[in-house]
Amino acid sequence: MSHKSPADTKAQPPLAAARAPHSRRPRRAIMPAAADTAERTFESIGVCAELAKACASLGWRAPTDIQCASIPEALKDRDVIGLAQTGSGKTGAFALPILQSLLDAPQAFHSLVLSPTRELAIQIAEQFETLGASIGVRASVLVGGVDMTTQAIRLGKRPHVIVGTPGRVVDHLENTKGFSLRALKVLVLDEADRLLNLDFEEEIDKILRVIPSERRTQLFSATMTNKVAKLQRACLRDPVKVEVSAKYSTVESLKQHYLFIPAKHKDCYATFLFNELSASTSIVFARTCDSTRKLALIARNLGFGAVPIHGQMSQPKRIAALNKFKSGERNILIATDVASRGLDIPSVDVVINYDVPQNSKDYVHRVGRTARAGRSGLAVTLVTQYDVELYQKIERLINKKLDKYPLEEEAVMLLYDRVNEAQRIAIQQMRDQDDRKGKGAKRGFKDDDDADAMLRMLGKKDYGGDDGKPRVTKQSKTNGARGFPNKRR
Ligand code: AMP
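Keep in mind that what you see is a predicted model, and the values were worked out from it rather than measured.

A. View of the pattern of salt bridges. Tallying each qualifying case throughout the model produces 15 salt bridges. Notably, a salt bridge pairs R293 with D290, separated by 3.1 Å at the nearest N-O pair. With R293 and D290 both in helix α13 (residues 289-301), this residue pair falls three residues apart, about one helical turn. Among the ionic contacts, a cluster of salt bridges with common partners joins K90, D190 and E191.

B. Broad picture of the packing of helix α5 (residues 90-104) against helix α6 (residues 118-131). The N-to-C vectors of α5 and α6 enclose an angle of 45°; their axes lie 10 Å apart at closest approach. By the angle class used here, α5 and α6 are oblique. The handedness of the crossing between α5 and α6 is right-handed. Of α6, the residues touching α5 (which contributes T91, G92, F94, A95, L96, I98 and L99) are I124, Q127, F128 and L131. Partitioning the contact of α5 with α6 into residue classes produces eight nonpolar, three polar and no charged.

C. Region of the structure containing the environment of G136. With respect to the element layout, G136 can be found in the loop between α6 and β4 (139-142). Each C-alpha atom, one on G136 and one on L103, is 9.4 Å from the other, the two residues being 33 residues apart in sequence.

D. Geometry of the sheet that holds strand β11 (residues 306-309). Strands sit in the order β11-β12-β10-β13-β14-β9-β15 across an open sheet of seven strands; the sheet is parallel. Only two strands of the sheet have a single partner each, and these edge strands are β11 and β15 (403-404). Seen against the sheet, helix α12 (residues 266-276) touches β9 (254-260), β10 (282-285), β12 (332-335), β13 (350-353) and β14 (377-383) and runs at an angle of roughly 165° to β14. In this fold α13 packs onto β10, β11 and β12, with an angle of close to 170° to the strand it touches most, β11.

E. Spatial organisation of α13. With 13 residues, α13 ought to run about 18 Å at 1.5 Å a step, and its terminal C-alpha atoms sit 18 Å apart, in line with that. All buried positions along α13 are accounted for by C289, S291, T292, R293, L295, A296, L297, I298, A299, R300 and N301. Just beyond α13, the residue with positive phi is G303, at close to 95°.

F. Representation of the pairing of β14 in the model. Extensive coverage of β14 is indicated by the burial of seven of its seven residues. Judged by which residues are buried, β14 turns out to be covered on both faces: G377, A379, T381 and V383 on one side and L378, V380 and L382 on the other are all buried. In terms of strand pairing, β9 meets β14 through seven bridges, oriented parallel. Counted as the bridge partner of L259 is L382 from β14.

Quick notes on the rules
Residues numbered from 1 in each chain as written. Predicted model: local features only at pLDDT ≥ 70, side-chain atom pairs only at ≥ 80, totals over all residues. Heavy atoms only, no water. Salt bridge = Lys/Arg side-chain N within 4 Å of Asp/Glu carboxyl O. Helix = DSSP H or I, 4+ residues; strand = E, 2+ residues; numbered from the N terminus. Axes fitted to C-alpha atoms, helices over the stretch in contact; angles between N-to-C directions. Parallel < 35°, antiparallel > 145°, perpendicular 65-115°, else oblique. Left-handed = near helix turned anticlockwise from the far one by under 90°. Contact = heavy atoms within 4.5 Å. Nonpolar A, V, L, I, M, F, W, Y, C, P; charged D, E, K, R; others polar. Pairing = 2+ DSSP bridges. Expected span 1.5 Å × (residues − 1). Buried < 20%, exposed > 50% of the residue type's maximum accessible area, 1.4 Å probe, protein only.

Spelled out as structure tokens, the structure:
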């Protein structure tokens, strides 16, 4: 393998214009036939016994398609482009070969994984540490929103694997003494389409200039956009392309429904679904940070265990929200698209599109949160009179006509009064919280999402605290807005 030499890389043009000297069209890996795949084991695709045991301890009985297709190539030291839908097991697909190579020759700063979001970076690092626990692998996360000095101290311990967002990795390369990627062996670009959409091109360029040309590179992307193709030409060398699903398809085990509803009754329908699906874990996608906030407050005023996550929340708050959901303390995560990609939230049963996504590709990413790794799942999309065109675009993209979600309109409208009251309270809570923002920030409530803090500040007794106790109070029995049984799990 001969990537550009380090000297050449100094004068390297931006990656959009760069082209590896010997780049050609990627070779396609031949996918194993389905029956064949069913009989595969991690050992049969070249994974060593120790790591196969680690997979088994995570409940991974057999490698997924993307793992079958890409792990043998990576173990042969080939560059790999993986086109895989979310939930396909792609993290294992790049982590296992890296861990195996570390097992053969342990080395500090061996691998760098670039991820578009902080949450995804954290999850990838967790997966490295879990899979590599028996061989003592250390992974460090370099993401924004966390103190640079703390991260620098961790870098001083010379971890084997760095997982980070491009901006923060560059910050450390430029400012942290003793941190260098000159001996890097493997570069992984995860969710490359998203990395590029988020304008990380300049940072990726900077990183490419300081890492060795003699390395292995793996690029994973849900979609092969023009920008991804350019990135591939700039930094992969004679790669093998592995693709495990038709473009923008959704998995068969996913039941997808729509509900055509009047916009003014959207919250009633959402509440009806929360109630019907209260024994499940659900992710609810809303379009804006404010609608996420509001819907979470409405749901909580009605006694559901809902927690919001969106881009205006600080990093610790996002992680705390996610942890509440992951631990089962809350069973409804209300999210903007910030959470729709990459987050590894196991056992999500239901995805509700409270708002139809503006970009139809986001639909695929959103519903990809459920029916992962062979499990079944349910997705329901609320379509109002204003969303018909957007919704039709989605059906065209996934090449499927969805069925109507079966429900009786009258049953939904029975909720009208209670939902109306919960909305009124939520609006007041948001107003009060916005009014107190300055004061609140001093008290440590500066995040929009801190519904617990908001409710505490407002003197409500029935906030969903962290104690896991029922949320329905005396007041809730008499107040029309409350009256749902405790939905927290
Ligand atoms: P990913 O696509 O990497 O985000 O993985 C999606 C989910 O599939 C994660 O919860 C993984 O723990 C899980 N997973 C990955 N590989 C396997 C496997 N071979 N068998 C079962 N589950 C897996």
